[in-house]
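Analysis of the macromolecular model
Each chain is listed here by its residues.
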Amino acid sequence: MSDGRGEDIVDDILRRRLAAGDPLPPQRTPALDRTSLEAVMHEITTPQAPESGAVDAPRRSRWWLAMPAAAAAAGAVWVGSSLLGGGSASQTPLAVPSPKSTMTISGPAGDPTSMTCLPVSVELIRGAQFAFDATVTAVDGTTYTLAPTTWFKGEPKDVVVLQGIPDGAALIGIPNFVVGGRYLVAGGDGQVGACGASGEYSADLLALYDKAFGS
Amino acid sequence: MDVKEVDALRAARTPTVVRFEELVARVSQPVLRFLLRRTDAESAADVLSDTLLVLWRRLDDVPAEAELPWAYAVAKSCLANHRRGQRRHHALVAKIILLDPPADADPPEEDLDLSEALQRLPPDDQEILRLWAWEQLEPRDIAAVLDVSANVASVRLHRAKKKLAAALKDPGSSRTQTRQGKE
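What comes next is a walk through the structure. Please read all numbers here as calculations on a predicted model, not as lab measurements. (Residues numbered from 1 in each chain as written. Chains lettered and ligands numbered in written order. Predicted model: local features only at pLDDT ≥ 70, side-chain atom pairs only at ≥ 80, totals over all residues. Heavy atoms only, no water.)

Brief notes about the overall build of chain A
What counts is decided by this rule: Secondary structure is summarised from DSSP: a helix means a run of H or I of at least four residues, a strand means a run of E of at least two, and numbering begins at the N terminus for each. A simple rule labels every residue: compare its accessible area, found with a 1.4 Å probe on the protein chains alone, to the largest value its type can have, and call it buried under 20%, exposed over 50%, or partly exposed in between. Contact definition: two residues touch when any of their heavy atoms are within 4.5 Å. The method behind every accessible area is Shrake-Rupley, applied with a 1.4 Å probe, and residues are considered shielded solely by the protein chains displayed.
Each helix and strand counted, chain A has seven helices and eight strands in total. Per-residue burial over chain A gives 46% buried out of 215 residues. For chain A, the share of sequence-separated contacts (at least 6 apart) that also reach a separation of at least 24 residues comes to 64%. With an accessible surface of roughly 10100 Å², chain A has 55% of that area assigned to carbon and sulfur atoms.

Quick look at the structure:
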């Protein structure tokens, strides 16, 4: 049985021998073309205008809601109906909910790290299937109970249960729901809208909802 | 967006963008090497773009003390998606271009005994040994790439080294599925 030092030496020899067989030693490594790298970095870090992005750049994402490719194909993540060519007739706010009615919605499907966002716009929010103003009344693990006070769109319900918010949801603009917090929530296909479509109640977001759904 | 707007955006780079650019300057070449050791050049360039995109979105999560292993872990995940055919829907318009290395660069000498012994190990053992010897990572950083604890990485590395040493000592051994057609 070798002592620790002997083992270290053997390790060191083995490591050097393996490293010597590296198929890509530094002198044989291709270099990154700086101009192309900068172009990629610029594209990554530059916010994309929704209108031009949606129309002019077919290879770019058209999402204003986070949407991975696979999920998009499966319709797993809600996108504004204007993007899908659908769209329901707009509906004016409010209405009295039927007693104890509940709607259950989920967080966006997929891994937030593989999603990206475009800036939210009135046009895209207008494509939401539901939108409401609500306060969180309870949290149980990752399930949130919301009590809507105003419905901008969709069939009014007494209670909305939101479940399955994925880890890293903040990366795609899903608000951090806390008990007592007031939120504006828009979405579709049973999923909460990401990327700024839903958020903590604010005058700015309310103005967007008003423009999208207001009478 | 016209040229003036692009120029204005460049001039007005936010601290976050600057931080991202500095990170990319530190990790892009090692990540490229990591990828080129595991896939072809075109895929490596595409997966590097994907990796940078994730780094940008997760910039606040990148641990300062282990940013390179963290970037390797992202690249590994992006490469796995790429191999499964799950290219990102938001594939970038811009493409990273790789410049050929000098034509006269000598290829590494092939250590046939070692490469054959390595090939006979299970893939997970091969990968941990590559991370150790090619990426020159220590167990703590290997743990970050493989998303396991440092202890687990240490134990796995130790076992992989033992297996490799044994395979070197006994080239004929194996329950291994040696490559067919070898003499």
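Thoughts on the packing of aromatic side chains
So the rule is basically this: Stacked, tilted and edge-to-face pairs are distinguished by plane angle, under 30 degrees for stacked and over 60 for edge-to-face with tilted covering the rest, among Phe, Tyr and Trp rings (Trp via its six-membered ring) whose centres lie within 6.5 Å. We count a charge as sitting over a ring when the NZ of a lysine or the CZ of an arginine lies within 6 Å of the ring centre and within 35 degrees of the ring normal.
Under the criterion given, the structure shown has nine aromatic pairs over all chains. Ring geometry for Phe152 of chain A and Phe213 of chain A: centres 6.3 Å apart, planes at 35 degrees, overall tilted. Here Phe152 of chain A is found in strand β4 (residues 143–153), whereas its partner Phe213 of chain A is found in helix α7 (residues 203–213), with 61 residues between them in sequence. Just as Phe152 of chain A is buried, Phe213 of chain A falls in that class too. Members of the aromatic cluster, joined through ring pairs, are Phe130, Phe132 and Trp151 of chain A. Positioned above the aromatic ring of Tyr201 of chain A, the side-chain terminus of Arg182 of chain A is 3.6 Å from the ring centre. Positioned above the aromatic ring of Phe34 of chain B is the side chain of Arg38 of chain B, whose terminal nitrogen or guanidinium carbon lies 4.0 Å from the ring centre.

Description of helix α4 (residues 67–83) of chain B
The condition that has to hold: By this rule, a helix spans an expected 1.5 Å times one less than how many residues it contains.
For α4 of chain B, with 17 residues, the first-to-last C-alpha span of 24 Å sits near the 24 Å given by 1.5 Å per residue. At its buried positions, α4 of chain B is contacted by α2 (15–36), α3 (41–57) and α7 (139–146) of chain B.

Things to note about the pairing of strand β6 (residues 182–188) of chain A
Residues and elements named next belong to chain A. Condition: Pairing between two strands requires that DSSP report at least two bridges joining them.
Here β6 lies mainly inside the structure; six of its seven residues are buried. Taken together, the six bridges between strand β3 (residues 130–140) and β6 define a ladder with antiparallel strand orientation. Paired with Ala131 across the two strands is Ala186, which belongs to β6. Taken together, the two bridges between β6 and strand β8 (residues 199–200) define a ladder with antiparallel strand orientation. By the bridge assignment for β8, Leu184 is matched with Gly199. Sheet analysis places β6 next to strand β7 (residues 191–192), joined by two bridges and oriented antiparallel. By the bridge assignment, Gly188 is partnered in β7 with Gln191. Hairpin geometry of β6 and β7 is characterised by an intervening segment of two residues between the two adjacent antiparallel strands and by a positive phi of about 50 degrees at Asp189.

So, the nonpolar core
Defined as follows: To form a nonpolar core, buried Ala, Val, Leu, Ile, Met, Phe, Trp, Tyr and Cys residues must be joined to one another through side-chain atoms within 4.5 Å. Annotation comment: domain bounds sourced from an automatic or database domain assignment.
Core analysis: the largest hydrophobic core is formed by 58 residues, its most contacted members being Leu35, Leu52, Leu55, Ile96, Leu129, Ile142 and Leu164 of chain B. The biggest single contributor to this core is α2 of chain B, with nine residues. Mapped onto the domain boundaries, this core takes at least three residues apiece from domain 1 (1–103) and domain 2 (106–173) of chain B. Once residues lying within four places of it in the same chain are set aside, the contact partners of Leu129 of chain B are Leu18 of chain A together with Leu118, Leu121, Trp134, Leu157, Ala160, Lys161 and Leu164 of chain B. In terms of nonpolar packing, the next biggest core, distinct from the first, is built from 22 residues, Val160, Ala169, Ile172 and Val192 of chain A among them.

What to know about the pairing of strand β5 (residues 159–163) of chain A
Residues and elements named next belong to chain A. Judged from the five bridges that link them, strand β2 (residues 102–106) and β5 form a sheet pairing that is parallel. Bridging across to β5, Met103 finds its partner in Val160. Inspection of the sheet shows β4 paired to β5 by four bridges, in the antiparallel sense. Its bridge partner being in β5, Tyr144 is matched across the sheet by Leu162. Two successive antiparallel strands, β4 and β5, enclose a turn made up of five residues, where Gly154 displays a positive phi of approximately 95 degrees.

Considering the pattern of salt bridges
Selection criterion: We count a salt bridge whenever a side-chain nitrogen from Lys or Arg sits within 4 Å of a carboxyl oxygen from Asp or Glu.
Applying the stated rule across the entire model yields 18 salt bridges over all chains. A salt bridge links Asp133 of chain A to Arg182 of chain A, with the shortest nitrogen-to-oxygen separation between them at 2.6 Å. Linking Asp133 of chain A in strand β3 with Arg182 of chain A in strand β6, this pair joins segments that are 49 residues apart in sequence. Note on Arg182 of chain A: relative accessible area 39%, which makes it partly exposed. Across the salt bridge formed by Glu127 of chain B and Arg38 of chain B, the nearest N and O atoms sit 3.1 Å from each other. Taken together, the positions of Glu127 of chain B in helix α6 (residues 123–133) and Arg38 of chain B in the loop between α2 and α3 put the pair 89 residues apart, joining distant regions of the chain. The buried category is assigned to Arg38 of chain B, whose relative accessible area is 15%. Through salt bridges with shared partners, a single ionic network connects Asp22 of chain A together with Arg33, Arg37, Arg38, Glu127, Arg130 and Glu135 of chain B.

Digging into unusual backbone geometry
Although it is not a glycine, Cys195 of chain A sits at a positive phi angle of roughly 60 degrees. Tracing the chain through its elements places Cys195 of chain A in the loop between β7 and β8. One non-glycine residue, Gln136 of chain B, lies in the positive phi region at around 55 degrees. Inspection of the secondary structure assignment puts Gln136 of chain B in the loop between α6 and α7. For Gln136 of chain B, a relative accessible area of 46% gives the class partly exposed.

A look at α7 of chain A
Residues and elements named next belong to chain A. Under the convention used in this document: Working note: the arc is built from the helix axis to C-beta atom directions.
Inspection of α7 places Leu205, Leu208, Tyr209, Ala212 and Phe213 among the buried residues, and these make up the whole buried set. Down the axis of α7, the sector holding all buried residues measures 105 degrees, keeping them to one side. Set apart from the buried face of α7 by more than 90 degrees, the exposed residues are Ala203, Asp204 and Lys211. On its buried face, α7 sits against α6 (122–126), β3, β4, β6 and β8.

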